[in-house]
Amino acid sequence: MNAPQKTPIKQHLIDPEICIRCYTCEEMCPIDAITHDDNNVVVDAAKCNYCMDCIAPCPTGSIDNWRMVMEPYSLQDQFSWDELPEQQDLGEADTGALAEAMEDEISSLLARAHEGTGGKPAAPASADKPSINLYSRTRPAVARVQGNYRITDEGTGSDVRHIILSFGEQVFPVLEGQSVGIVPPGTKPDGRPHDIRLYSVASARDGEKRNANNLALTVKREEGGVCSNYLCDLKKGDEVQVTGPFGGTFLMPNDPSANIVMICTGTGSAPFRAFTERRRRAMPGAPGKLILYFGARTPGELPYFGPLKKVPPALMEQHLVYSRVPDSPKEYVQDRMRVNGEALSGLLTSDRTHIYICGLKGMETGVDEALADICRKHGLDWATIKPVMRASGRYHVETY
Ligand SMILES: Cc1cc2nc3c(=O)[nH]c(=O)nc-3n(C[C@H](O)[C@H](O)[C@H](O)COP(=O)(O)OP(=O)(O)OC[C@H]3O[C@@H](n4cnc5c(N)ncnc54)[C@H](O)[C@@H]3O)c2cc1C
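- The name that an unreviewed UniProt entry assigns to the chain is Benzoyl-CoA 2,3-epoxidase subunit BoxA, with the source organism given as Futiania mangrovi.

Here is the structure:
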């Protein structure tokens, strides 16, 4: 008789490289599953019941690490670690179980948003390690609205808002490029709660206002949309349930010499506002270029048009293009990229160049074709360059 097929388990682990040994998790654990020695704080797989009481209080996010394993790592294994082990290859028989166990509402949303990358997305090598999944639908962070401002012209059909959320005493660490989940109140017609919607963080890691424990979102009101109307109608002081943070690949490189080409439409500008603010605050005089290609129908419909005009050229090179200005030819981001083909082709030969595309689903195709044309014209091969950039975490797509 064959031995019964073993199934993998999801083991809770603490990242020894990030943990600051404050032992808050150990105090929070109601069943004493967390312990420590002189070296590390560790989780006993035989005791942990996944109650998640330890996750939110952890100030660093080091607590939120998981591996699918056939045999759990022992306490002795964990005490000896200087870094977390990689996820083991569990073999073909178990990849289905693994995928099923890891799959959830948010990861499938993110996977769809990143599919335009054309392969498995990777984080830039110099990006900081993000905290993810600190708050969930059952345990959301409760933020308070500090402000809600329209950032497109009144009278245009496009109502886009800059919304600032304050987290008070709650720890909600984000990196530039990450998203948060918003839990809209109420239920669907079938009586089940509304799905969580994702929104990119539009402020730098140290807050919309520096060290104020707040963050900003850029939200477009969608006609008939559940969550965007809920958010766009929020008033100062209202409470909002927030989950996340989410996203571990669409992140900003820390390397100040990285050239960052940011290509967006509409609310796709949100993460790039965060990138720009990070460069301005943390890397003044950075040698790497920051280049923005931003498309809208008209200047009045381009989110942050006014503030963008004030960003100095030394910090960021801007290409704002419009497709519906009366008596002017239509111009899309890919058209302007072709005009700047020579400069872009030069950047594509550098392994310090990162490309980010964010905005409406489908925009990646036009941009991809423009990059292929630019390469062809300048003796390069986009079909060879793109997979190299993608594999090294230098080509990113987030479209929705
Ligand atoms: C990674 C990621 C980041 C994102 N970042 C941002 C961001 O920074 N800013 C931003 O504004 N958005 C962002 N989004 C999109 C956001 O998550 C929402 O999808 C968006 O706000 C619409 O949500 P909603 O609840 O308002 O609309 P929904 O209620 O989900 O409806 C979407 C559209 O479908 C229509 N619709 C719904 N039901 C029906 C039906 N039965 N028949 C016909 N039509 C229907 C609605 O009228 C609406 O136009 C992001 C998405 C992802 C995946």
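The rest of the description comes next.
### As for the domain arrangement of the chain
(1) Moving on: Domain annotation for the chain reports domain 1 (9-102), domain 2 (141-246) and domain 3 (259-399).
(2) Moving on: If you average the C-alpha positions of domain 2 and of domain 3, the two centres end up 25 Å apart.
(3) Moving on: In this assembly, 25 residues from domain 2 lie in contact with 15 residues from domain 3.
(4) Moving on: Across the interface of domain 2 and domain 3, roughly 1,600 Å² is buried in total on both sides, 55% from carbon and sulfur atoms.
(5) Moving on: Sorting the residues of domain 2 by area buried against domain 3 places I151, E176 and T218 first, and these three jointly supply 25% of that buried surface.
(6) Moving on: Inspection of the domain 2/domain 3 interface yields 2 salt bridges.
(7) Moving on: Note that R273 and E208 form a salt bridge whose closest N and O atoms lie 3.0 Å from each other.
(8) Moving on: Inspection of the region where domain 2 meets domain 3 yields 9 residue pairs in polar contact (both at pLDDT 80 or more).
(9) Moving on: Looking at the side of domain 2 that touches domain 3, the elements that each hand over two or more residues are β6 (160-166) and β9 (214-220).
(10) Moving on: The leading source of residues in the side of domain 2 that touches domain 3 is β9, at 5 residues.
(11) Moving on: Its residues placed into classes, the side of domain 2 that touches domain 3 shows 8 nonpolar, 10 polar and 7 charged.

### Brief notes about the side chain of H396
(1) Moving on: For H396, the location among the structural elements is in strand β15 (residues 395-399).
(2) Moving on: Judged by relative accessible area, H396 falls into the buried class, the value being 3%.
(3) Moving on: A polar side-chain atom of H396 sits 2.8 Å from the main-chain carbonyl oxygen of G393.
(4) Moving on: Residues in contact with H396, not counting those within four places in the same chain, are A122, P124, T249, F250, I355, Y356 and I357.

### A look at the UniProt feature "binding site: NADP(+)" (unreviewed entry) in the chain
(1) Moving on: The sites that carry the UniProt feature "binding site: NADP(+)" (unreviewed entry) are, in the present numbering, S200, K220, T267, S323, R324, K330, G359, L360 and E398. On the basis of their most widely separated C-alpha atoms, the annotated residues across 199 residues do not gather in one place, lying as much as 28.0 Å apart.
(2) Moving on: Topologically, K220 is positioned in strand β9.
(3) Moving on: With near-sequence residues (within four places) excluded, K220 lies in contact with S158, D159, V160, S228, C232 and T267.
(4) Moving on: Overall, T267 belongs to the buried group, its relative accessible area being 13%.
(5) Moving on: If we skip the residues at most four places from it in the chain, T267 touches V160, T218, V219, K220 and Y400.

### Some points on the sheet that holds β15
(1) Moving on: Strand order in the open sheet made by the 5 strands is β13-β12-β11-β14-β15, with parallel pairing throughout. A strand with exactly one partner marks an edge of an open sheet, and here the two such strands are β13 (317-322) and β15. Taken pair by pair, the neighbouring strands of this sheet meet at an average axis angle of 10°, ignoring direction.
(2) Moving on: As paired strands, strand β11 (residues 259-265) and strand β12 (residues 290-296) are joined by 6 bridges and run parallel to one another. Considered in β12, the bridge of C264 is made with F294.
(3) Moving on: Contacting β11, β14 (353-359) and β15, helix α10 (residues 363-377) crosses the sheet at an angle of about 150° to β14.

### Observations concerning the packing of aromatic side chains
(1) Moving on: With the rule as written, the count across this model stands at 10 aromatic pairs.
(2) Moving on: Here the aromatic rings of F167 and F172 are separated by 4.4 Å at their centres, their planes lie at 20°, and the arrangement is stacked. Of the two residues, F167 and F172, neither departs from the other in class, the shared state being buried.
(3) Moving on: Linked through ring pairs, F250, F272, F275 and Y356 together constitute an aromatic cluster.

### Description of the pattern of salt bridges
(1) Moving on: By the definition in use, this model includes 22 salt bridges.
(2) Moving on: Note that R297 and E301 form a salt bridge whose closest N and O atoms lie 3.3 Å from each other.
(3) Moving on: Owing to a relative accessible area of 16%, E301 belongs among the buried residues under this scheme.
(4) Moving on: Between D373 and R376 there is a salt bridge, and its shortest N-O distance comes to 2.8 Å. Pair noted here: D373 and R376 are both in helix α10, with a separation of 3 residues, about one helical turn.

Calculation criteria
Residues numbered from 1 in each chain as written. Predicted model: local features only at pLDDT ≥ 70, side-chain atom pairs only at ≥ 80, totals over all residues. Heavy atoms only, no water. Domains from an automatic or database assignment. Contact = heavy atoms within 4.5 Å. Buried area = accessible area lost by both parts, 1.4 Å probe. Salt bridge = Lys/Arg side-chain N within 4 Å of Asp/Glu carboxyl O. Polar contact = N/O pair within 3.5 Å; in protein donor to acceptor, adjacent residues only side chain to side chain. Helix = DSSP H or I, 4+ residues; strand = E, 2+ residues; numbered from the N terminus. Nonpolar A, V, L, I, M, F, W, Y, C, P; charged D, E, K, R; others polar. Buried < 20%, exposed > 50% of the residue type's maximum accessible area, 1.4 Å probe, protein only. UniProt positions renumbered as here; feature names shortened; annotations may be inferred. Pairing = 2+ DSSP bridges. Axes fitted to C-alpha atoms, helices over the stretch in contact; angles between N-to-C directions. Phe/Tyr/Trp six-rings, centres within 6.5 Å; stacked < 30°, edge-to-face > 60°.

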